[in-house]
Amino acid sequence: MQESRCIMVTGGLGDIGKATVLKFVHAGDFVILNDLLEVKAAETQIVSWGIPQEQWLYLCADCREREALHEAFDALEREGRLPSIVIVNAGVVAPVPFLEMSPEQWGFHLDVNLTGAFHVAQEIAQRWVAQKVSGTLLFTSSWVQDVPQQGISAYCVSKSGLKMLARTMALELGRYGIRVNLVAPGIVDAGLSARLFREGRADPNTFISHIPLATLQTSAEVADVFWLLAQPEASYITGATLLADGGMSLFQFHPPSSKETV
Ligand SMILES: NC(=O)c1ccc[n+]([C@@H]2O[C@H](COP(=O)([O-])OP(=O)(O)OC[C@H]3O[C@@H](n4cnc5c(N)ncnc54)[C@H](O)[C@@H]3O)[C@@H](O)[C@H]2O)c1
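Conventions adopted
- Positions within a chain are numbered from 1, following the residues in the order the chain's sequence is written.
- Per-residue local features are limited, in this predicted model, to residues with pLDDT of at least 70; the limit for side-chain atom pairs, both in listing and counting, is 80 or more; totals at the level of whole chains, interfaces and linings are taken over all residues.
- Numbered from the N terminus, helices here are DSSP runs of H or I no shorter than four residues, and strands are runs of E no shorter than two.
- In this treatment the radius of gyration is a C-alpha quantity, and the globule benchmark scales as 2.2 Å times the residue count to the 0.38 power.
- Three exposure classes are used, based on other C-beta atoms lying within 10 Å of a residue's own C-beta, which is placed from the backbone: buried for 20 or more, exposed for 12 or fewer, and partly exposed in between.
- Residues are treated as contacting if the C-beta atoms built from their backbones sit within 7 Å of each other.
- Only when DSSP finds a minimum of two bridges between them are two strands counted as paired.
- For every element, the axis is a line fit to its C-alpha atoms; helices are fit only across the contacting stretch, and the angle between N-to-C directions ranges from 0 to 180 degrees.
- Nearness here is judged by the C-beta atom: place it from the backbone, and if it falls within 6 Å of a molecule or strand, the residue counts as near that partner.
- Three classes are used: nonpolar for Ala, Val, Leu, Ile, Met, Phe, Trp, Tyr, Cys and Pro, charged for Asp, Glu, Lys and Arg, and polar for all others, with Gly counted as polar.
- By convention a crossover is right-handed if, when the strands point away from the viewer, the path from the first strand over the helix to the second runs clockwise.
- As used here, a nonpolar core is made of buried Ala, Val, Leu, Ile, Met, Phe, Trp, Tyr and Cys residues. They are joined through C-beta atoms within 7 Å.
- When describing relative orientation, an angle under 35 degrees is termed roughly parallel and one over 145 degrees roughly antiparallel, while 65 to 115 degrees is termed roughly perpendicular and anything else oblique.
- In this scheme the handedness of a crossing depends on how the near helix is turned from the far one: anticlockwise by less than a right angle means left-handed, clockwise means right-handed.
- One less than the residue count of a helix, multiplied by 1.5 Å, gives the span that helix is expected to have.
- This arc is built from the directions going out from the helix axis to the C-beta atoms.

Quick word on the overall build of the protein
The helix and strand inventory of the protein stands at eight helices and seven strands. What you see for the protein is a C-alpha radius of gyration of 18 Å, in line with the 18 Å of a compact globule of 262 residues. Projected onto its principal axes, the C-alpha positions of the protein cover 60 × 40 × 40 Å. Looking at the protein as a whole, 40% of its 262 residues qualify as buried. Pairs at least 24 residues apart make up 73% of the contacts formed inside the protein by residues separated by at least 6 positions.

So, in structure tokens, the structure goes:
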């Protein structure tokens, strides 16, 4: 069995975040969860997951606020809790047609999904370099980093930007032994997508009919991909996207519901 590691998961209280936290904690790792919820409420929530108290800590910080993040990382460093694997997972989506999108709506996506990710990534990378830690950074991207989708242009742009952020970081930080990769899930029956399904703003069956594997993804299936990239066997992988979308992004010319074969 491998030694226990210290992992950080941002957006750790969200659905994919939670599944990821559980995956690593159950394997014996220590996990730092970061999210927006105030400490007491967050801790109550995490306790309800039934994971051992000595295997996690919660860090309340908004990834858009650099000063607060900086202080939080300083505190972790003082306590000897600097993570060696950071999963930058916090994210938002608020669908709106391009023609109706306000500059604020545009900015909201980029501030959280891209600039917030940059803040977390730079804070940890600077510390890893200073302390000679060969860390691993993983970003939660999406299949839409490469494929435009109706009504979520700002979200698509933010994930596309994240892809280039990860690739440029991989290029610059490889010499320090730091690996930087992306996980690109498909349509997950949880979190952001599930909220849109509940609100009637998206139809899960329409998605299912377009997914070659013909089923929505689970949060646990996303967590499994983070797990793969965090293993020693992934030691030569950097600057890569692990696309885990059930084939969602494969080009389909025929209506997927059609039984026709060519
Ligand atoms: N659900 C999907 O279908 C899907 C598909 C592909 C990619 N993703 C990505 O997965 C990641 C997790 O999303 P999810 O579906 O679990 O949604 P979620 O809403 O359940 O989780 C997102 C978490 O991020 C936190 N967060 C939001 N803004 C933050 C901020 N400024 N600072 C710190 N934390 C903040 C939220 O409080 C929430 O707990 C996101 O990056 C999302 O883009 C989701």
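Comments concerning unusual backbone geometry
Phi at lysine 132 takes a positive value of approximately 55°, unusual for a residue other than glycine. Within the element layout of this structure, lysine 132 appears in the loop between helix H4 (103–130) and strand E5 (136–140).

Re the sheet that holds strand E6 (residues 179–185)
Taken in spatial order, the seven strands make up an open sheet running E3-E2-E1-E4-E5-E6-E7, and their pairing is parallel. Either end of the sheet is taken by a strand with one partner, and the two such strands are strand E3 (56–60) and strand E7 (241–244). Each neighbouring strand pair of the sheet contributes to a mean axis angle of 15°, computed without reference to strand direction. Strand contacts of helix H5 (residues 153–173): E5, E6 and E7, with the helix running at about 160° to E6, the strand carrying the most contacts. The strands touched by helix H8 (residues 219–229) within the sheet are strand E4 (85–88), E5, E6 and E7, with E6 carrying the most contacts at an inclination of about 160°.

Some points on the site of the ligand
Near the ligand there are 27 residues, and of these Gly11, Gly14, Gly91, Gly191 and Ser193 occur at the shortest range. Of all the secondary-structure elements, those providing two or more residues to the shell around the ligand are helix H1 (15–26), H4 and helix H6 (191–198). Of the residues in the shell around the ligand, the class split is 12 nonpolar, 11 polar and four charged.

Remarks on the pairing of E4
Two faces belong to every sheet, and in a regular strand the side chains alternate between them. Side chains Ile85 and Ile87 of E4 all project onto a buried face; the interleaved residues Val86 and Val88 project onto the opposite face, where all are buried too. Alignment of strand E1 (residues 6–10) against E4, held across three bridges, turns out to be parallel. Each bridged residue has a counterpart across the sheet, and for isoleucine 7 the counterpart in E4 is isoleucine 85. Sheet analysis places E4 next to E5, joined by four bridges and oriented parallel. Bridge assignment links valine 88 to a residue of E5, and that residue is phenylalanine 139. Once you follow E4 into H4 and on to E5, the crossover reads as right-handed.

A closer look at the nonpolar core
Of all hydrophobic cores here, the largest spans 68 residues; its most connected members are Val31, Leu33, Ile87, Leu137 and Phe226. The residues contacting leucine 137, other than those within four sequence positions of it, are Val86, Val88, Ala121, Ile124, Met169, Ile178 and Val180.

Focus: the packing of H1 against H8
Contact geometry for H1 and H8: axes closest at 8 Å, N-to-C directions at 55°. For the element pair H1 / H8, the angle class is oblique. The way H1 lies across H8 gives a crossing that is right-handed. Facing Asp15, Ile16, Lys18, Ala19, Thr20 and Lys23 of H1, the residues of H8 in contact are Ser219, Ala220, Val222, Ala223, Asp224, Phe226 and Trp227.

Observations concerning H1
For H1, which comprises 12 residues, the first-to-last C-alpha distance of 16 Å matches the rise-based estimate of 16 Å (1.5 Å per residue) to within 8%. For H1, every residue scored as buried is listed here: Ile16, Gly17, Lys18, Ala19, Thr20, Val21, Lys23, Phe24 and Val25. Looking one or two residues past H1, glycine 28 carries a phi angle of roughly 100°, positive in sign.

What about the packing of helix H3 (residues 66–78) against H4?
The contact between H3 and H4 brings their axes to 10 Å, and the two run at 35°. For the pair H3 and H4, the crossing hand works out as right-handed. Residue-level contacts link Arg66, Leu69, His70, Phe73 and Glu77 of H3 to His119, Val120, Glu123, Ile124 and Arg127 of H4. Taken together, the residues that form the contact of H3 with H4 break down as four nonpolar, two polar and four charged.

Comments concerning the environment of arginine 179
When you line up the elements, arginine 179 lands in strand E6. Remark: the alpha-carbon pair of arginine 179 and arginine 64, spanning 115 residues in sequence, is separated by 23 Å. Apart from the residues within four sequence positions on either side, arginine 179 is in contact with Thr136, Ile237 and Thr238.

Notes on H3
For H3, spanning 13 residues, the distance from its first C-alpha to its last is 18 Å, which sits close to the expected 18 Å at 1.5 Å a residue. All of the buried residues along H3 are Leu69, Phe73 and Leu76. Looking straight down H3, one finds that the buried residues subtend no more than 55° of arc, so they occupy a single side. Pointing more than 90 degrees away from the buried face of H3 are the exposed residues Glu67, Glu71, Asp74, Ala75 and Arg78. Lining the buried residues of H3 we find strand E2 (30–35) and H4.

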